Amino acid sequence: MTAITINVPNHEVNFFKKMMVKMGWTYSETDVVQSVATPKEKALAKVDHAFGQLRQMKDGQLNGVNAEDLLNEL
């Protein structure tokens, strides 16, 4: 067996854990290293994530939500 280390943004960790379970792969919680991001790094990661979602919407990979529907949910 081979161990592979990947670095993923904190907001994507749960996605990768779920993906690994579905693929039948294993991971060790003891090997998971949580980085301590500064507030600036956290804000930039959120902006990067938002732009990623906008790209996905533009490419038709992600459906947007109508602003009126979003407000009605609130």
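Our structure is the block above this text.
On a predicted model such as this, the values are computed, not experimentally measured, just so you know. Numbering of residues starts from 1 in each chain and follows the order in which that chain's sequence is written. The predicted origin of the model limits local features to residues at a pLDDT of at least 70 and limits the giving and counting of side-chain atom pairs to 80 or more, whereas totals for whole chains, interfaces and linings rest on all residues. Side-chain metrics rest on all non-hydrogen atoms present in the structure, leaving aside hydrogens and water.

Here's the deal with the packing of aromatic side chains
In summary, the pairing rule links any two rings of Phe, Tyr or Trp, Trp by its six-membered ring, whose centres are within 6.5 Å, and it sorts them by plane angle into stacked for under 30 degrees, edge-to-face for over 60 and tilted for everything else. Using the criterion set out here, one finds one aromatic pair in the structure. Plain terms: the ring middles of Phe-15 and Phe-16 are 5.4 Å apart, the flat faces sit at 85 degrees to each other, and that makes the pair edge-to-face. Summary of the burial criterion: residues with accessible area below 20% of their type's maximum are buried, those above 50% are exposed, and those between are partly exposed, where the area comes from a 1.4 Å probe applied to protein chains only. The partly exposed category is assigned to Phe-15, whose relative accessible area is 48%. A relative accessible area of 24% means that Phe-16 is categorised as partly exposed.

Looking at helix H1 (residues 13-23)
Each helix corresponds to a stretch of at least 4 residues labelled H or I by DSSP, and each strand to a stretch of at least 2 residues labelled E; elements are numbered beginning at the N terminus. Among the residues making up H1, those that are buried are Val-13, Lys-17 and Met-20. Within H1, the buried residues cover an arc of 65 degrees as seen down the axis, which keeps them to one side. Looking at H1, the residues exposed on the side facing more than 90 degrees away from the buried face are Asn-14, Lys-18, Lys-22 and Met-23. To obtain the arc, one takes the directions from the helix axis to the C-beta atoms.

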